[in-house]
Amino acid sequence: MDGSGLPETRSTCAYCGVGCGVLLRPDGRGGLEVRGDPDHPANLGRLCSKGSALGETVGTAHRLSAPRLDGRDTDWDSALSHVAERFRETIDQYGPESVGFYVSGQLLTEDYYVANKLMKGFIGTANIDTNSRLCMASSVAGHKRAFGTDTVPGTYEDLEEADLVVLTGSNLAWCHPVLYQRVLAAKQARPRMRVVVIDPRRTASCDIADMHLPVRPGSDVALFNGLLCALYERGALDAAFLAHVEGFDDALAAASGDDPAETGLSEAQLEAFYALWAGTEKVVTVYSQGVNQSSAGSDKVNAILNCHLASGRIGRPGCGPFSVTGQPNAMGGREVGGLANTLACHLDIENADHRAAVRAFWGAPAISDRPGLKAVDMFRAVETGQIRALWIIHTNPAVSMPDANRVRDAIAGCDFVVVSDITDATDTARLADVLLPAAAWGEKEGTVTNSDRTISRQRAALAPWGQSRPDWAILAEVGRRMGWQQAFDYAGPAEIFREYAALSGVAGGFGRDFDISAHADIADSAYADLAPFRWPATGARQGGRFFGDGRFFTESGRGRMLPVHWRAPVAATGRDFPFRFNTGRIRDQWHTMTRTGLSPRLSAHLAEPFLEIHPEDAAAQGIAPASLVEVSSPQGRAILRAWVTDTVRRGDVFAPMHWTGETAPSARVDALVAPVTDPVSGQPESKAAAVALAPFAARWYGFAVSAGDMHPDCAYWALAPTTTGYRAELAGTNTPADWLAEARRLFGLDETAEAQVASDPAKGGFRVAFHRDGRLEAALFVAPTPVAVMRSHLALLPGKEAWHALSGRSPADQPDPGPMVCSCFNVGVNTILTAIETRGLMSVEEIGAALEAGTNCGSCRPEIAALLAKAKPREAAEQA
Ligand SMILES: Nc1nc2c(c(=O)[nH]1)N[C@H]1C(S)=C(S)[C@@H](COP(=O)(O)OP(=O)(O)OC[C@H]3O[C@@H](n4cnc5c(=O)[nH]c(N)nc54)[C@H](O)[C@@H]3O)O[C@H]1N2
Ligand SMILES: Nc1nc2c(c(=O)[nH]1)N[C@H]1C(S)=C(S)[C@@H](COP(=O)(O)OP(=O)(O)OC[C@H]3O[C@@H](n4cnc5c(=O)[nH]c(N)nc54)[C@H](O)[C@@H]3O)O[C@H]1N2
Ligand code: SF4
Ligand SMILES: [Mo]
């Protein structure tokens with residue numbers, strides 16, 4: 001395909017917890033060609049839009065290439081000595097509790113293992129926490145309460161074999177797209193399969209739903225408590241399985257005290273859901289951040305687990321609760337014990353025998369005997385000065401933590417901050433005293449565990465960028481320089497993996513679930529070739545499901561049902577802050593966009609931060625479609641584009657979490673979120689802030705395209721890459737005195753760029769297009785109301801001869817494709833709508849055949865279906 005002749009390297013996708021296998025081949029230009037691995041059990045060759053675009057996000061000039069100390073490039077030796085000395089000095093002077101690591105579920109297991117060993121065993125404090133606190137902590141807590149360990153009982157095949165798949169607080173279509181496609185394919189093959197989506201919003205996942213329950217935010221416990229009562233009343237409990245379960249009476253008594261009406265659903269909706277669940281033997285309940293990211297997250301998890309335990313719908317094919325993990329190695333991080341309240345290999349920090357065993361295994365001088373600070377408390381301790389040296393690895397907390405402005409200020413005020421990242425262009429990296437260049441995905445080696453306990457290799461297909469080094473190597477070197485030469489003397493990831501597998505055997509000896517000791521002696525060559533496998537992996541046991549046999553990891557050996565009660569989100573909505581602020585993900589961006597945000601095709605799907613708001617709420621607040629909204633909470637404010645839509649409930653609004661100081665500084669949504677946490681798991685309530693809305697009083701709105709960098713300086717801006725350069729949305733409260741001069745400043749263009757101007761001062765309109773050597777350099781469109789120009793057409797023009805650009809429209813012979821729907825084949829809304837109208841296309845398949853849209857990764861199929869649904873009634877009306 002590429003002529004490079006190089007063999008393909010088998011690896012695993014960099015992004016979500018589905019953990020798809022990929023085949024990588026260098027493209028000879030520093031990038032990679034990426035395709036799905038047909039032999040990987042998670043995806044069998046499929047990839048979603050993000051996985052398909054991985055090649056566009058590697059080997060770019062955005063990379064950090066050398067260590068940096070106080071803003072200046074330095075060598076590794078100086079940087080690492082400095083880090084080791086400052087941590088050592090801080091510990092000597094203020095004790096081990098004065099330092100912290102904040103790491104990530106995107107680290108490879110080997111990286112994570114070294115970080116955890118260094119902190120818990122050698123520095124001797126458990127002040128290591130991870131962004132998994134913002135992600136999986138409630139599932140971990142719920143699992144441990146019910147099962148005695150943090151175990152995901154089932155496998156992906158269960159989602160295909162189930163007769164009922166319930167998605168609660170999961171937008172699987174956008175966040176676990178390949179798993180979603182597996183469900184979709186199973187449903188097409190077996191039409192009696194039912195899908196229920198429980199989500200306050202009507203999401204893309206509802207495309208395959210037989211039932212959508214738009215619950216009141218935070219009310220899942222009431223819903224599942226109602227289900228438990230319904231299972232009891234309908235005789236749908238499993239008496240034989242209940243013999244292996246304790247706590248049933250208390251759980252049922254608690255459940256019967258809750259009123260399912262708290263969900264805001266009608267009697268009929270509740271009855272239909274309960275009847276379907278009770279009447280179906282094979283049920284899988286998939287849950288994700290709508291469950292975890294809640295001040296009642298752990299109780300939500302246990303309310304779900306209660307129903308599966310009581311009905312015996314667990315650990316058998318097609319049955320079970322299923323917590324889908326977000327990050328590529330969220331599971332691996334939990335397994336190594338990377339959370340502040342876990343130890344290693346599912347051993348418990350509070351258990352003296354476990355501690356002694358791990359300490360002996362590591363030959364460690366110390367072992368932390370109590371949980372460390374969980375993320376929110378950790379940054380609070382940074383703020384108060386209790387933590388004086390902080391190392392942030394593979395995460396961007398200045399954006400993703402609740403109360404993000406306060407967290408950003410706390411990091412800025414910390415005595416000593418080390419950040420390991422692949423780029424310096426992040427809100428957090430900008431605050432570092434020492435910035436360390438990490439080797440990125442595609443350049444480093446290790447393992448990850450996906451949502452169904454499958455451990456796969458990530459492998460390198462490219463040399464590390466510049467001087468960058470793998471995270472494990474950076475951590476191990478600091479460990480050695482702090483004086484623990486032998487404990488951190490690793491030759492490579494294979495050696496770390498062997499040690500880790502051996503330690504898991506120690507855990508297995510304590511009867512823990514996580515045991516991969518079959519690999520404790522794995523040779524380097526076997527590690528290099530390691531094929532995906534599901535844990536456990538011991539001499540006696542390989543993979544499989546847990547708990548179908550009624551054996552659990554609690555002290556009694558029985559599963560545990562918990563009495564839980566519904567409670568409302570902590571931030572009360574009321575007169576001052578009447579709206580419920582929900583946040584989450586969009587299809588084509590990954591978190592803080594440091595990688596997906598580099599891809600023009602991924603950025604074309606949704607190029608700007610937005611706020612979904614119900615039409616009646618928008619009307620009542622005087623918010624016009626496509627205008628800007630000012631959103632405020634007691635913590636902060638944001639400015640977002642209004643997306644008026646009835647997919648949200650009245651009173652709820654939704655905004656994506658992705659935009660940052662780098663891409664849209666006034667759209668950092670975590671600036672609005674209160675640092676409220678679940679009392680058991682410490683996970684923040686990221687989806688239920690209380691906010692007020694008001695029209696943003698923009699004096700002018702702008703849209704710009706440019707071949708080169710832009711330097712926006714106004715109240716609102718959002719920047720996105722295009723195939724020709726950049727595009728930006730702009731808005732301001734002050735009108736520049738000289739628009740032409742302002743445009744030259746924005747684009748960094750001097751007088752040598754020829755300006756073509758059209759202005760209408762009376763109406764507040766101004767347009768300028770800059771040309772050089774007959775080619776368009778940049779163009780700016782300004783108006784007193786949201787600018788109406790053909791954005792996707794204009795984005796194609798920079799670098800081309802385009803004297804018509806100033807008109808803001810495409811010439812008749814070049815139709816405007818409209819906003820991007822299919823990012824694999826660059827097919828826009830207008831192209832699809834036109835094809836539906838002029839060619840009479842009736843199905844997603846027909847559109848695929850005609851335009852290719854939706855035929856590669858399939859991530860956009862729900863959107864194509866929605867366009868069809870919209871277009872068809874119109875067609876019917878026209879024919880009538
Ligand atoms: N495209 C893309 N995919 C990703 C990621 C990404 O950044 N981009 N990130 C990955 C990561 S780390 C994670 S953790 C996963 C997250 O995957 P998901 O959890 O599926 O994603 P979210 O959009 O955060 O939230 C899911 C849904 O929860 C709903 N929700 C909010 N409040 C409630 C509630 O009270 N009850 C219920 N039942 N639902 C509620 C929201 O409306 C939202 O639709 O995605 C992973 N995959
Ligand atoms: N309001 C709100 N807030 C949320 C959420 C939400 O739904 N709503 N979701 C939460 C969840 S579930 C999650 S998981 C978090 C995610 O939030 P973060 O973890 O903060 O987001 P990322 O953008 O994934 O940050 C990863 C960082 O690692 C860098 N990086 C990439 N590769 C490497 C590497 O190989 N080594 C190193 N050292 N660095 C690398 C990237 O450039 C980037 O800066 O956000 C949480 N915050
Ligand atoms: S579903 Fe997409 S993002 Fe997730 S692992 Fe697979 S290809 Fe990567
Ligand atoms: Mo996550």
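All figures in this text were calculated on a predicted structure; none of them were measured in a lab.

## Considerations on the pattern of salt bridges
- Taken as a whole and judged by the stated rule, the model has 64 salt bridges.
- Between Asp210 and Lys187 there is a salt bridge, and its shortest N-O distance comes to 3.3 Å. Taken together, the residues span a long stretch of sequence, with Asp210 in the loop between strand S9 (194–198) and strand S10 (211–213) and Lys187 in helix H7 (residues 177–189) at a distance of 23 residues.
- According to the relative accessible area criterion, Asp210 is partly exposed, its value standing at 41%.
- Lys187 sits in the buried class, given a relative accessible area of 17%.
- Here Arg772 makes a salt bridge to Glu777, at a shortest N to O gap of 3.3 Å.
- A relative accessible area of 27% places Arg772 in the partly exposed class.
- Residue classification places Glu777 among the partly exposed positions, given a relative accessible area of 22%.
- Residues joined by salt bridges that share partners form a network here, namely Glu157, Glu160, Arg182, Asp452 and Arg534.

## Side note on the site of ligand 1
- By nearness alone, 34 residues border ligand 1, and Asp199, Gly218, Ser288, Arg585 and Gln589 come closest of all.
- One of the side-chain nitrogen or oxygen atoms of Ser288 is found 2.7 Å away from an oxygen atom of ligand 1.
- Contact with the protein chains covers 99% of the free accessible surface of ligand 1, which is 910 Å².
- Secondary-structure elements contributing two or more residues to the shell around ligand 1 are helix H6 (172–175), helix H12 (289–292) and strand S21 (579–584).
- Looking at the shell around ligand 1 residue by residue, the classes come out as 9 nonpolar, 17 polar and 8 charged.
- If you count residues domain by domain, the shell around ligand 1 takes at least three from each of domain 3 (137–323) and domain 4 (579–695).

## Notes on the packing of aromatic side chains
- Using the criterion set out here, one finds 30 aromatic pairs in the structure.
- Between Phe241 and Phe552 the ring centres are 6.2 Å apart and the planes differ by 75 degrees, which places this aromatic pair in the edge-to-face class. Taken together, the residues span a long stretch of sequence, with Phe241 in helix H9 (residues 239–242) and Phe552 in the loop between strand S19 (533–534) and strand S20 (559–560) at a distance of 311 residues.
- Directly above the aromatic system of Trp535 lies the positively charged group of Arg453, at a separation of 5.5 Å from the ring centroid.
- Here the guanidinium or amino end of Arg457 rests over the ring plane of Tyr527, the centre of that ring lying 4.2 Å away.

## Notes on the layout of surface pockets
- The computed volume of the second largest pocket comes to approximately 720 Å³.
- Taken together, 29 residues form the lining of the second largest pocket, with His62, Leu598, Glu662, Leu719 and Tyr726 sitting closest to its centre.
- The element that contributes the greatest number of residues to the lining of the second largest pocket is strand S28 (residues 716–721), accounting for 4 residues.
- For the lining of the second largest pocket, a count of residues per class yields 11 nonpolar, 15 polar and 3 charged.

## Comments concerning unusual backbone geometry
- With an omega of 5 degrees, the peptide bond running from Trp535 to Pro536 counts as cis.
- Within the element layout of this structure, Pro536 appears in the loop between S19 and S20.
- For His346, which is not a glycine, the phi torsion comes out positive at approximately 60 degrees.
- Considering the arrangement of structural elements, one finds His346 in the loop between helix H14 (330–336) and helix H15 (352–362).
- Under the relative-accessibility criterion, His346 is labelled buried at 9%.

## Some thoughts on the environment of Val291
- Structurally, the position occupied by Val291 is in helix H12.
- Sequence spacing of Val291 and Gly840 is 549 residues, and the spatial spacing of their C-alpha atoms is 42 Å.
- Those residues in contact with Val291, other than ones at most four positions away along the chain, are Thr168, Gly169, Asp220, Gly297, Lys300, Val301 and Ile304.

## Remarks on the side chain of Asn171
- By the secondary structure assignment, Asn171 is in the loop between strand S8 (164–168) and H6.
- Given the relative accessible area of 10%, Asn171 is considered buried.
- Looking at Asn171, its side chain comes within polar contact range of the side chain of Ser205, at 2.7 Å.
- Here Asn171 is in contact with His176, Arg201, Thr203, Ala204 and Ser205, once residues within four sequence places are set aside.

## Examining the packing of H15 against helix H20 (residues 493–509)
- For the pair H15 and H20, the least separation of the axes is 11 Å and the interaxial angle reads 150 degrees. Viewed along their axes, H15 and H20 adopt a mutual orientation that is roughly antiparallel. For the pair H15 and H20, the sense of crossing is right-handed. The segment H15 lies against H20, with Ala357, Val358, Phe361 and Trp362 engaging Glu499, Ala502, Leu503 and Val506.
- Per-class residue counts for the contact of H15 with H20 are 7 nonpolar, no polar and 1 charged.

## Structural notes on the environment of Asp210
- Note: C-alpha distance between Asp210 and Met193 (17 residues apart in sequence) is 9.4 Å.
- With residues up to four places along the chain from it excluded, the contact list for Asp210 reads Lys187, Met193, Arg194 and Val195.
- One polar contact links Asp210 to Lys187, side chain to side chain, over a distance of 3.3 Å.

## Some remarks on the domain arrangement of the chain
- We note that the domain assignment places domain 1 (9–57), domain 2 (68–135 + 329–443 + 459–474), domain 3 (137–323), domain 4 (579–695), domain 5 (700–807) and domain 6 (820–879) within the chain.
- Computed over C-alpha atoms, the centres of domain 2 and domain 6 are 46 Å apart.

## Section: the site of ligand 2
- The environment of ligand 2 is made up of 33 residues, and the closest members are Gln106, Ser400, Asp421, Thr592 and Asp670.
- Between ligand 2 and Lys444 there is a distance of 3.2 Å, counted from an oxygen atom to a side-chain nitrogen or oxygen.
- In this structure, an oxygen atom belonging to ligand 2 sits 2.9 Å away from a side-chain N or O atom of His591.
- When ligand 2 is considered free in solution it has 920 Å² of accessible area, and contact with the protein chains removes 99% of it.
- Classifying every residue of the shell around ligand 2 by side-chain character gives 9 nonpolar, 17 polar and 7 charged.
- A domain-level breakdown of the shell around ligand 2 finds at least three residues from each of domain 2 (68–135 + 329–443 + 459–474) and domain 4 (579–695).

Parameters at a glance
Residues numbered from 1 in each chain as written. Chains lettered and ligands numbered in written order. Predicted model: local features only at pLDDT ≥ 70, side-chain atom pairs only at ≥ 80, totals over all residues. Heavy atoms only, no water. Salt bridge = Lys/Arg side-chain N within 4 Å of Asp/Glu carboxyl O. Helix = DSSP H or I, 4+ residues; strand = E, 2+ residues; numbered from the N terminus. Buried < 20%, exposed > 50% of the residue type's maximum accessible area, 1.4 Å probe, protein only. Near = heavy atom within 4 Å. Polar contact = N/O pair within 3.5 Å; in protein donor to acceptor, adjacent residues only side chain to side chain. Areas by Shrake-Rupley, 256 points an atom, 1.4 Å probe, with all protein chains shown as cover. Nonpolar A, V, L, I, M, F, W, Y, C, P; charged D, E, K, R; others polar. Domains from an automatic or database assignment. Phe/Tyr/Trp six-rings, centres within 6.5 Å; stacked < 30°, edge-to-face > 60°. Lys NZ or Arg CZ within 6 Å of the ring centre and 35° of its normal. 1 Å grid on protein atoms, 1.4 Å probe; cavity = no way out; pocket = protein on both sides within 12 Å on 5 of 7 lines; lining within 4 Å. Points joined across faces, edges and corners; volume = space filled by probe spheres on them. Contact = heavy atoms within 4.5 Å. Axes fitted to C-alpha atoms, helices over the stretch in contact; angles between N-to-C directions. Parallel < 35°, antiparallel > 145°, perpendicular 65-115°, else oblique. Left-handed = near helix turned anticlockwise from the far one by under 90°.

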